[in-house]
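# Chains, contacts and geometry: an overview
The chain contents come next:
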Amino acid sequence: MEKIMSVRQLCDEITSITFSSRYMAAEAKPGQFIAVKCGNNSMDAMLRRPVSICRADRWSNEITVVFQVKGKGTKLLAETAETGSYIDYIGPLVNSFKSPPAGAKIAVVGGGLGIFPLLFLLEEIRSTRKDIKADAYLGFRKNDSVILREEFTKAADNIYISTDDGSCGRKGFVTDICLPVIDAGSYDIIYTCGPQAMMKCVSKAAEKSGSECYVSLEQRMGCGIGACLACACRIAVRPAEGSSQAADGGGWEYKHVCRDGPVFRSRDVVWDKTEES
Amino acid sequence: MTPAPDLTADIGRIKLKNPVIAASGTFGFGREYSEYIDLNELGAIAVKGLTLDPRRGNPPPRIAETPAGILNSIGLQNPGIREFIAKEIPFLRSFDTAIIANIAGNTPEEYGLMAEMLENEAVDAIEVNVSCPNIRHGGAAFGISAESIARVTEEVRRKYGGMLIVKLTPNVTDIKAMAMAAQKAGADAVSLINTILGMAVDIETMRPILANNYGGLSGPAVKPVALRMVHETASAVDVPVIGMGGIQSGSDAVEFILAGASAIMVGTASFIYPNACVEIKRGIANYLIRHGFGSVREITGRLKLNRPDQLEE
Ligand SMILES: Cc1cc2nc3c(=O)[nH]c(=O)nc-3n(C[C@H](O)[C@H](O)[C@H](O)COP(=O)(O)OP(=O)(O)OC[C@H]3O[C@@H](n4cnc5c(N)ncnc54)[C@H](O)[C@@H]3O)c2cc1C
Ligand SMILES: Cc1cc2nc3c(=O)[nH]c(=O)nc-3n(C[C@H](O)[C@H](O)[C@H](O)COP(=O)(O)O)c2cc1C
Ligand code: FES
């Protein structure tokens, strides 16, 4: 439980909550999430909802999460969160984006809600690593849903935006802009978060061009702490440590987003055959 | 000052230091919660359902939220009983709490084999989960017929001399008959309820939310059904009854104890509040103090039924 410092409406249905936590500010790493209780003791949205840490200010101890109203839980959270009230969460959970090696050129590719953990990553790199060059590729639905643009512009060297309808930036999918650059082998490491289809596309391109790639997976959760085994995802079982074989075809096992993730190496992920995108 | 109430719970062959047990499948192997709560506070931990060989479990989504409840179809993902013995028992033994090994098999012999493997291990009890499909009999769960409950219980009883709990499924017409069959076949206690078979549909995709289509319902939504079944069962058998289903607070737990439960298990509530078990234990103690009772035993089965016929006179 921490006190909420401010609540902001970023655009239609997207809310940002900033709360104060010395512990989180010291511990949180880019890629991690928290499991938030929506509403007090509500029987209707009982389970905690996972939301990524979007910003962590190490000096002011302010932590920001941003979420979209999707269903019952997030609606309740948007309705009840207000300055001075408390946010009930468990976290930070659990693993994080691997930090880039010295002098690396990196790209982040985010679609929709997937952009939030990527902002934390970029801001962290910007404030601690002068040796890293970072590009951001961000996909939104339309101009009205373009958010956090200023923050991304400050945190990245270059930012590229796409919208489904072309009302801001390039028309089309974010992959239309980033794939040619990834194919050209421009990046050492790529970090991606967003819809499955997008992450799969980016992963394949990264693997082909020999770039390292990290993805942040989503799955429905029960406990958020590795006990119920609900949040299963398919991860390749590697025959030997350090082997560089591709993940397809071989053995796999169910790992868990809340215990082993949410961040995975893209080549370890065994993507679903049927895609809902 | 009144002395602190006696929270110990007799559940047959063993005595727990308090009546609050973490329910199987909701508490991992204890390890997962050890960062959030002091495991020494628990009466016992029923570990994730174990099978003879490791199991991958079902494809995701494995969970769906429903009004006041959740549906799950984890599919008994577990590392297998051997790994449990090698890695998890030593960890759990470092805490002062009882260990209950929850086992599930494909055949009565498989249950027996697992019981045999546990006979000389440092577990305090076996809980037999009869909700799994009997592959030799068309896949219907063992737990839906008194006959197959008896078969499985006898098999385990033959191989295991320690405390034996049979965990009953609510997906039956007559829970009393199932409990009596377990008692007759040698169970030291029965626990109930396991989850109620259910379904949730996504109307946009026109598909069930769970990849497995059906799943087990748990949480507050099942509490009234669970309470009725615990009461029916406790009235029908002599062995202790361990009650569960939707317990979220001390007062929920007291309802089950009044209805005849000697101890209670807490499942879904731990997902929401990792320290739910500890809070529930405190709630039970406070109730006892408030009402001047000295022990949990004193209120077990203390429920007085209404006599509707007499009320109308
Ligand atoms: C690691 C991780 C990080 C996330 N970060 C963010 C973020 O920063 N901002 C944001 O807006 N959203 C984020 N999400 C998605 C967010 O958790 C869901 O949108 C939210 O849980 C939906 O809840 P609801 O009550 O509004 O919807 P309902 O449909 O009422 O939810 C029903 C149940 O399904 C679960 N559920 C529904 N959609 C998802 C989903 N996409 N992923 C996981 N569980 C889901 C809910 O948690 C709940 O248990 C993240 C998800 C994960 C797994
Ligand atoms: C995610 C999940 C996994 C479960 N796994 C098991 C299991 O492996 N073995 C078992 O006997 N019961 C299992 N159960 C049933 C619980 O132990 C308990 O009987 C049920 O959830 C009702 O209690 P509750 O309403 O407090 O959760 C599981 C329940 C849930 C929610
Ligand atoms: S949500 Fe329970 S294991 Fe991940």
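Analysis parameters
- Residues numbered from 1 in each chain as written.
- Chains lettered and ligands numbered in written order.
- Predicted model: local features only at pLDDT ≥ 70, side-chain atom pairs only at ≥ 80, totals over all residues.
- Heavy atoms only, no water.
- Domains from an automatic or database assignment.
- Axes fitted to C-alpha atoms, helices over the stretch in contact; angles between N-to-C directions.
- Helix = DSSP H or I, 4+ residues; strand = E, 2+ residues; numbered from the N terminus.
- Parallel < 35°, antiparallel > 145°, perpendicular 65-115°, else oblique.
- Left-handed = near helix turned anticlockwise from the far one by under 90°.
- Contact = heavy atoms within 4.5 Å.
- Nonpolar A, V, L, I, M, F, W, Y, C, P; charged D, E, K, R; others polar.
- Near = heavy atom within 4 Å.
- Polar contact = N/O pair within 3.5 Å; in protein donor to acceptor, adjacent residues only side chain to side chain.
- Areas by Shrake-Rupley, 256 points an atom, 1.4 Å probe, with all protein chains shown as cover.
- Pairing = 2+ DSSP bridges.

This part covers the domain arrangement of chain A. By the assigned domains, chain A splits into domain 1 (2–93), domain 2 (105–218) and domain 3 (220–261). Computed over C-alpha atoms only, the centres of domain 2 of chain A and domain 3 of chain A are separated by 24 Å.

Our next topic: the packing of helix α3 (residues 146–159) of chain B against helix α4 (residues 175–184) of chain B. All names here are of chain B. Following both chains from N to C, one finds α3 and α4 inclined at 25°, their axes separated by 8 Å at the closest point. For the element pair α3 / α4, the angle class is roughly parallel. Our pair here, α3 against α4, has a crossing hand that is right-handed. Contacts from Ala146, Ile149, Ala150 and Thr153 in α3 reach Ala177, Met178, Ala181 and Ala182 in α4. When the residues that make up the contact of α3 with α4 are grouped by side-chain class, the tally is seven nonpolar, one polar and no charged.

Another aspect to go through is the site of ligand 1. All names here are of chain A. Lining the immediate environment of ligand 1, one finds 21 residues, of which Pro50, Gly71, Gly73, Thr74 and Glu218 sit closest. Arginine 49 places a side-chain nitrogen or oxygen 2.8 Å from an oxygen atom of ligand 1. A distance of 2.8 Å separates an oxygen atom of ligand 1 from a polar side-chain atom of arginine 220. Taken by itself ligand 1 offers 830 Å² of open surface, and the protein chains cover 87% of this. Of all the secondary structure elements, the ones that give two or more residues to the shell around ligand 1 are β4 (49–57), β5 (62–68) and α2 (72–80). Among the elements that make up the shell around ligand 1, the one with the highest residue count is β4 (four residues). Looking at the shell around ligand 1, its residues break down into 10 nonpolar, six polar and five charged. A domain-level breakdown of the shell around ligand 1 finds at least three residues from each of domain 1 (2–93) and domain 2 (105–218).

Paired through backbone hydrogen bonds, the strands of a sheet run either parallel or antiparallel to each other. All names here are of chain B. In space, the four strands of this open sheet follow the order β5-β6-β14-β11, with antiparallel pairing throughout. With one partner strand each, in any of the chains shown, β5 (63–66) and β11 (196–199) form the two edges of the open sheet. Each strand of the sheet is rotated relative to its neighbour by a mean of 40°, with strand direction disregarded. Bridge analysis of β11 against strand β14 (residues 214–218) gives four bridges, and the strand direction is antiparallel. Note on β14: the bridge partner recorded for isoleucine 196 is leucine 217.

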